[in-house]
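Chain and residue survey
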Amino acid sequence: EIVLTQSPGTLSLSPGEGATLSCRASQSVSTGYFAWYQQKPGQAPRLLIYASSSRATGIPDRFSGSGSGTDFTLTITRLEPEDFAVYYCQQHGSSPITFGQGTRLDLK
Amino acid sequence: QVQLVESGGGVVQPGTSLRLSCAASGFTFSHYGLHWVRQAPGRGLEWVAVITYDGRNDYYADSVKGRFTVSRDNSNSTLFLQMNTLRGVDTAVYYCVKSYIGGYRGYFDLWGRGARVTVSS
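Residues numbered from 1 in each chain as written. Chains lettered and ligands numbered in written order. Predicted model: local features only at pLDDT ≥ 70, side-chain atom pairs only at ≥ 80, totals over all residues. Heavy atoms only, no water.

Within chain A, the regular secondary structure consists of zero helices and 10 strands. Each helix and strand of chain A, ordered N terminal to C terminal, gives the series β-β-β-β-β-β-β-β-β-β. At 13 Å, chain A has a C-alpha radius of gyration in line with the 13 Å of a compact globule built from 108 residues. Principal-axis analysis of the C-alpha atoms gives chain A an extent of 35 × 25 × 25 Å. Burial analysis of chain A (108 residues in total) assigns 45% to the buried set. Pairs at least 24 residues apart make up 55% of the contacts formed inside chain A by residues separated by at least 6 positions. On chain A, roughly 4,800 Å² of surface is accessible, and the fraction owed to carbon and sulfur atoms is 45%. Between the mean site of the 8 positive side-chain charges and the mean site of the 8 negative ones, chain A shows a separation of 2 Å. (Helix = DSSP H or I, 4+ residues; strand = E, 2+ residues; numbered from the N terminus. Rg over C-alpha atoms; globule rule 2.2 N^0.38 Å. Buried < 20%, exposed > 50% of the residue type's maximum accessible area, 1.4 Å probe, protein only. Contact = heavy atoms within 4.5 Å. Areas by Shrake-Rupley, 256 points an atom, 1.4 Å probe, with all protein chains shown as cover. Lys, Arg positive; Asp, Glu negative; His and termini not counted. Charge placed at Lys NZ, Arg CZ, Asp CG, Glu CD.)

Here it is as structure tokens:
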């Protein structure tokens, strides 16, 4: 099983600032099988980034993904109030599909 | 409208069974793999099971293997999760999730709102 470890656990920032969220895999993950999701309280997760760096439909360009192998990053530039949520990374190329434990982005 | 709507959640006693359903609309159901993902209270996301577009193949997390069964009815655009011998650790919100491809390795491009399952005596 590929274990995904996200850091930091919690990130406290203010609107307008930039955020960098990391996800490290215990084994190499193909970039084609790596995704990021956002979950707001009381809501289902939604797809943000797929194939490591492609934005899903309707996702603003302040969200970007990068990385390869075992290290992946989600970058959010110019945080908006609606961006404060929990973010999960995922690998879906090896069974079982696994998620990171999440990074909570809190309003400072 | 493209959506997934889960139903069938509830409060059940340990050792009993429950079946969740997920009604799909707005897309060609029979073309896509479908997953169940759960989230225990205050916890992260855990993948549970997947079934391929044609229903021929299904795969499970070790935590539910042998107790849960995923199935689908392509003629009625409905996904199911039969959960047997339920345990307290199965308490969670269960999400029905669409894969972007027909197989089991796609990313998750559509999520339902979830069905809450509570296993408690």
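Okay, the interface of chain A and chain B next. Taken together, the contact pairs 16 residues of chain A with 18 residues of chain B. When chain A packs against chain B, the two sides together hide about 1,500 Å² of surface, and 65% of this comes from carbon and sulfur. Between chain A and chain B we count zero salt bridges in total. Of all elements in the fold, only β4 (34-39), β5 (46-50) and β8 (86-91) of chain A reach the threshold of two or more residues within the side of chain A that touches chain B. Here the side of chain A that touches chain B takes three residues from β4 of chain A, the largest share from any one element. (Buried area = accessible area lost by both parts, 1.4 Å probe. Salt bridge = Lys/Arg side-chain N within 4 Å of Asp/Glu carboxyl O.)

Right, let's talk about the sheet that holds strand β7 (residues 63-76) of chain A for a bit. Residue and element names in this part refer to chain A. Strands sit in the order β1-β3-β7 across an open sheet of three strands; the sheet is antiparallel. If you trace the sheet from one side to the other, it starts and ends with β1 (4-7) and β7, each paired once. Averaged over neighbouring strand pairs, the angle between their axes works out to 20° when direction is ignored. Sheet topology note: the strand β3 (residues 19-29)/β7 ladder contains seven bridges and is antiparallel. Each bridged residue has a counterpart across the sheet, and for Arg24 the counterpart in β7 is Asp71. (Pairing = 2+ DSSP bridges. Axes fitted to C-alpha atoms, helices over the stretch in contact; angles between N-to-C directions.)

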